[in-house]
Each structure stands twice: as structure tokens, then as C-alpha cells.
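# Fold and contact review
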Amino acid sequence: MTGMTAYFGLLDVGALRDGETVVVSGAAGAVGSVVGQLAKLKGARVIGIAGGAEKCAWIVDELGFDAAIDYRTENVGKALRTHAPDGVDVYFDNVGGEILDAALARLRLGARVVICGAISTYNATERPAGPVNYMSLLVNRARMEGFVVFDYADRYADAAVELGGWLREGRLRSREDVVRGGVADFPDTLLRLFRGENTGKLILQIGE
């Protein structure tokens with residue numbers, strides 16, 4: 001399902017075109033890591049935003065991203081100016097918040113912002129502030145659109161054929177972060193997502 005989310009979010013909602021610049025947040029997660037790889041397969045320049053040196057190294061060295069930004073140690077806005085000096089054509093957002101704002105400030109004319117998730121705000125105790133740089137959508141005649149992968153259910157089979165082919169050819173990699181335990185371990189395992197502790201798809205394995 002995460003692969004399908006990446007596939008339809010990037011290619012249908014994001015309407016990616018060859019040679020464009022793509023930025024994806026949550027880039028070392030289950031969806032983000034596939035988004036970046038698909039963008040590379042389609043001829044894009046890809047910049048991933050992730051938390052920690054290990055994750056940033058993984059998406060560049062193993063997944064083939066062109067650049068990585070460590071939001072824990074870098075100023076995201078400044079780093080985007082460095083890695084995307086001509087602006088961003090597609091921003092695939094998994095986190096929301098300040099990182100979304102930084103990406104909005106770097107949009108190119110006709111850019112598309114894909115809203116997949118906003119994990120930085122899910123556990124907020126106060127109402128999150130709206131994006132400060134939303135006027136960039138007007139200035140750049142850009143589009144920001146949310147989506148739910150279930151809307152594409154009638155096309156899952158076709159997407160699975162293409163994704164599966166890339167997996168078999170080794171052009172697409174999938175990584176699973178497996179926690180072994182029982183049902184009682186589910187809450188703490190789920191919280192690993194919000195603490196940014198997983199790399200790839202987080203799975204709780206119950207039994208053998």
C-alpha cells in the first residue's frame with residue numbers, strides 16, 4: 001500500500017515530468033523512500049529530507065537520491081536554496097509544519113505540492129499554525145492537492161505490475177524495519193514513527 005501511495009501521489013497528483021526537481025519529506029520512510037526512487041526512475045533530480053546522518057546517507061548512497069537534507073542539524077530553507085537553486089517542481093509532503101513552509105518558499109512556476117501526510121502535527125496539543133508561505137502558490141501559479149490512495153483502487157493491478165517489475169530488476173528497493181514482539185508492543189512500535197526511529201516500512205512481527 002505504501003508503494004501504491006508513492007506511485008499515484010507522485011505520478012498522478014504530482015504529474016511529474018522528465019527533468020524536474022522533486023523534494024520529498026519523510027524521505028527515509030516507507031512512502032518517501034519509494035517516492036524518491038520513482039522520481040529518479042522517471043528522470044527527475046531528487047532531494048530528500050530526513051532526520052539523522054544515517055538516514056540521509058542511506059537515501060543517497062543506496063537509493064540514489066541526488067541530495068539529502070538532515071532537518072535535525074540543517075536549516076531546511078537554506079539547504080533547499082543550495083540543492084535546488086532554480087526552485088522545486090514537485091514537493092511531496094509527508095510531514096507538514098515548518099518543513100512544508102520551507103518547501104513552499106522554493107516553488108517554481110507551475111509547481112505541484114502533493115499532500116500525503118503531516119506527521120509533525122498528528123500529536124500536537126494545540127491547533128497547528130497554517131502555512132506562512134502559502135502565497136507562493138499564487139505567485140508561482142502552483143497547485144497544492146491532497147489525496148487518498150484508496151481513490152485509485154481500480155488501478156492497483158496496473159501499478160503493481162510496474163512496481164513489481166522494477167523490484168525484480170533491482171531498480172527499486174524496499175526496506176523493512178521489523179520489530180519482533182506481541183500485541184502489547186503495538187503502541188510503542190507505532191510511536192517509533194512519530195519519533196522518527198524507523199527506516200523504511202515499519203512492521204510489528206507477532207510470532208514466527
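Just so it is clear, the structure is predicted and the values come from calculations on it, not from any experiment.

### Some points on the pattern of salt bridges
On inspection of all chains with the given rule, the structure shows nine salt bridges. With its nearest N and O atoms 2.6 Å apart, the salt bridge here joins Asp12 to Arg155. Within this pair, whereas Asp12 is found in helix α1 (residues 2–13), its partner Arg155 is found in the loop between β6 (143–146) and α7 (156–169), the two being separated by 143 residues in sequence. For Asp12, a relative accessible area of 30% translates into the label partly exposed. Residue Asp66 is joined to Lys40 by a salt bridge in which the shortest nitrogen-to-oxygen separation is 2.9 Å. Within this pair, whereas Asp66 is found in the loop between α3 (53–61) and β3 (67–70), its partner Lys40 is found in helix α2 (residues 30–41), the two being separated by 26 residues in sequence. Lys40 sits in the partly exposed class, given a relative accessible area of 30%. Three or more residues are tied together by salt bridges with common partners; here these are Arg17, Glu20 and Arg112.

### Quick word on the nonpolar core
Counting 36 residues, the largest nonpolar core has Phe8, Leu10, Leu38 and Ile59 as the members making the most contacts within it. Among the secondary structure elements, those contributing two or more residues to this core are α1, β1 (21–25), α2, β2 (45–50), α3, β4 (88–93) and α7. Sort the elements by how many residues they give to this core and α1 lands first, with six residues. Beyond its immediate chain neighbours, meaning those up to four positions away, Leu38 contacts Ala6, Tyr7, Leu10, Leu163, Trp166 and Leu172. Among the nonpolar cores identified, the runner-up in size contains 22 residues, and Ala79, Leu80, Leu107 and Val113 belong to it.

### Looking at the sheet that holds β3
Strand order in this open sheet of six strands is β3-β2-β1-β4-β5-β6, and the pairing throughout is parallel. This sheet does not close on itself; its edge strands, each paired only once, are β3 and β6. Mean inter-strand twist for the sheet, computed between neighbouring axes without regard to direction, equals 15°. By the bridge criterion, four bridges tie strand β5 (residues 107–115) to β6 in an arrangement that is parallel. By the bridge assignment for β6, Val114 is matched with Glu145. Contacts between α1 and the sheet are confined to β1, β4, β5 and β6, with β4 contributing the most and set at about 150° to the helix. Its contacts with the sheet place α3 against β2 and β3, and it is angled at close to 165° to β3.

Definitions and limits used
Note on numbering: residues in each chain are counted from 1, in written sequence order. Per-residue local features are limited, in this predicted model, to residues with pLDDT of at least 70; the limit for side-chain atom pairs, both in listing and counting, is 80 or more; totals at the level of whole chains, interfaces and linings are taken over all residues. Heavy atoms from the whole structure form the basis of all side-chain values; hydrogens and water molecules are not counted. In the sections that follow, a salt bridge refers to a side-chain nitrogen of Lys or Arg positioned within 4 Å of a carboxyl oxygen of Asp or Glu. Each helix is a run of DSSP H or I of at least 4 residues and each strand a run of E of at least 2, with the numbering of both proceeding from the N terminus. Per-residue accessibility, obtained with a 1.4 Å probe over protein chains only, is compared with the maximum for each type, and a residue is labelled buried under 20%, exposed over 50%, and partly exposed between these values. Buried Ala, Val, Leu, Ile, Met, Phe, Trp, Tyr and Cys residues that are joined via side-chain atoms within 4.5 Å together make up what is termed a nonpolar core. Any pair of residues with heavy atoms lying within 4.5 Å of one another is described as a contacting pair. Each pair of strands is called paired provided DSSP finds at least two bridges between the two strands. Comment: axis = line fitted to C-alpha atoms, over the contacting stretch for helices; angle = value between 0 and 180 degrees taken between N-to-C directions.

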